[in-house]
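Chain residues, written in single-letter form:
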Amino acid sequence: SQTIHQWPATLVQPVGSPLSLECTVEGTSNPNLYWYRQAAGRGLQLLFYSVGIGQISSEVPQNLSASRPQDRQFILSSKKLLLSDSGFYLCAWSRQTYNEKLFFGSGTQLSVL
Amino acid sequence: AQKVTQAQTEISVVEKEDVTLDCVYETRDTTYYLFWYKQPPSGELVFLIRRNSFDEQNEISGRYSWNFQKSTSSFNFTITASQVVDSAVYFCALSEFEKTGANNLFFGTGTRLTVIP
């Protein structure tokens, strides 16, 4: 069966520090991968998605970047965190067919202070 | 542009009551999919249902049921005989036919359901 791992679960970082969140998927190959952010009291906002290694699409211009160095690995990064980067970050994967459901990881609660 | 509206921010019900969560969507596509996800306190989103735009049959799964009405662009979710374990944030989402191969879901802002024992 397929599983998705996301870490760390919680993270407290000072403003201006770098960020690296990692997500890996097991039990499937060639998945679509996604990063969503959930700000307090708001819905989920799609940040990045990837349909293959090295292929990254950004939905919202921001202080963050994403990379996909391996087929089942998706990394969310920042060189310098802002206060506004605080939120709950969720990684997800789906099969590469249209309108498939997404499977989500357990999320990372990021607090930038 | 696509849009999903969940007008109910928070709902509280007493255990065993029925509750309906509303979802209204906007899209220009004739082919699209609608989803409901549950986010319990642990944070992980749990898939509940996917429905395509050509299937307007209502669906029932145990205590859960969904009412899809294309005429009013709504996809409402009803929990019958609610239980404390149903307490969570529920998200409605829309996915349009996507030529890039991605499956980008556009989420509503969610409805927080609290079931009081």
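Residues numbered from 1 in each chain as written. Chains lettered and ligands numbered in written order. Predicted model: local features only at pLDDT ≥ 70, side-chain atom pairs only at ≥ 80, totals over all residues. Heavy atoms only, no water.

Chemist: I would appreciate a short explanation of unusual backbone geometry in the present structure.
Modeler: Glycine aside, the phi torsion of most residues is negative, and most peptide linkages are trans. Each neighbour pair has its own omega, and for tryptophan 7 of chain A with proline 8 of chain A the value is 0 degrees, a cis peptide bond. Note that proline 8 of chain A resides in the loop between strand 1 (3-7) and strand 2 (10-13). We note that asparagine 30 of chain A has phi near 55 degrees; this positive angle belongs to a residue other than glycine. Here asparagine 30 of chain A shows up in the loop between strand 3 (19-26) and strand 4 (32-38). Its identity as a non-glycine residue notwithstanding, serine 73 of chain B has a phi of 50 degrees, on the positive side. (Helix = DSSP H or I, 4+ residues; strand = E, 2+ residues; numbered from the N terminus.)

Chemist: Sorry, what's going on with the state of the cysteines here?
Modeler: Note on terminology: a disulfide is the covalent bond linking the sulfur atoms of two cysteines. Residue and element names in this part refer to chain B. Per the counting criterion, the structure on display carries two disulfides over all chains. The disulfide bridge from cysteine 23 ends at cysteine 92, spanning 1.9 Å between sulfur atoms. Between cysteine 23 and cysteine 92, the S-S torsion sits near -65 degrees, and that sign places the bridge as left-handed. Separated by 69 residues along the polypeptide, cysteine 23 in the loop between strand 3 (19-21) and strand 4 (24-26) and cysteine 92 in strand 10 (residues 88-96) bring together distant segments of the chain. Here cysteine 23 and cysteine 92 have matching classes, each one buried. (Disulfide = S-S within 2.5 Å. Buried < 20%, exposed > 50% of the residue type's maximum accessible area, 1.4 Å probe, protein only.)

Chemist: What's the story with the sheet that holds strand 8 (residues 73-78) of chain A in this structure? I'm lost.
Modeler: By way of backbone hydrogen bonds, the strands of a sheet pair with one another, either parallel or antiparallel. All names here are of chain A. Strand order in this open sheet of four strands is 1-3-8-7, and the pairing throughout is antiparallel. Taken across any chain shown, the strands that pair with only one partner, and hence form the sheet edges, are strand 1 and strand 7 (65-70). The mean inter-strand angle of the sheet, taken between neighbouring strand axes irrespective of direction, is 20 degrees. With four bridges joining them, strand 7 and strand 8 adopt antiparallel strand pairing. (Pairing = 2+ DSSP bridges. Axes fitted to C-alpha atoms, helices over the stretch in contact; angles between N-to-C directions.)

Chemist: Honestly, the interface of chain B and chain A in this entry has me stumped. Any pointers?
Modeler: Buried accessible area, meaning the area lost when the parts come together, often serves as the stated size of an interface. In this assembly, 25 residues from chain B lie in contact with 24 residues from chain A. For chain B, the biggest contributors to the area lost against chain A are Asn103, Asn104 and Phe107 of chain B; these three give 26% of the whole. Across the chain B-chain A interface, the total number found is zero salt bridges. Our enumeration of links across chain B and chain A arrives at three residue pairs in polar contact (both at pLDDT 80 or more). If you list the elements that add at least two residues to the side of chain B that touches chain A, you get strand 5 (32-39), strand 6 (46-52) and strand 10 of chain B. For the side of chain B that touches chain A, the element with the highest residue contribution is strand 5 of chain B, accounting for four residues. When its residues are assigned to classes, the side of chain B that touches chain A shows ten nonpolar, ten polar and five charged. (Contact = heavy atoms within 4.5 Å. Buried area = accessible area lost by both parts, 1.4 Å probe. Salt bridge = Lys/Arg side-chain N within 4 Å of Asp/Glu carboxyl O. Polar contact = N/O pair within 3.5 Å; in protein donor to acceptor, adjacent residues only side chain to side chain. Nonpolar A, V, L, I, M, F, W, Y, C, P; charged D, E, K, R; others polar.)

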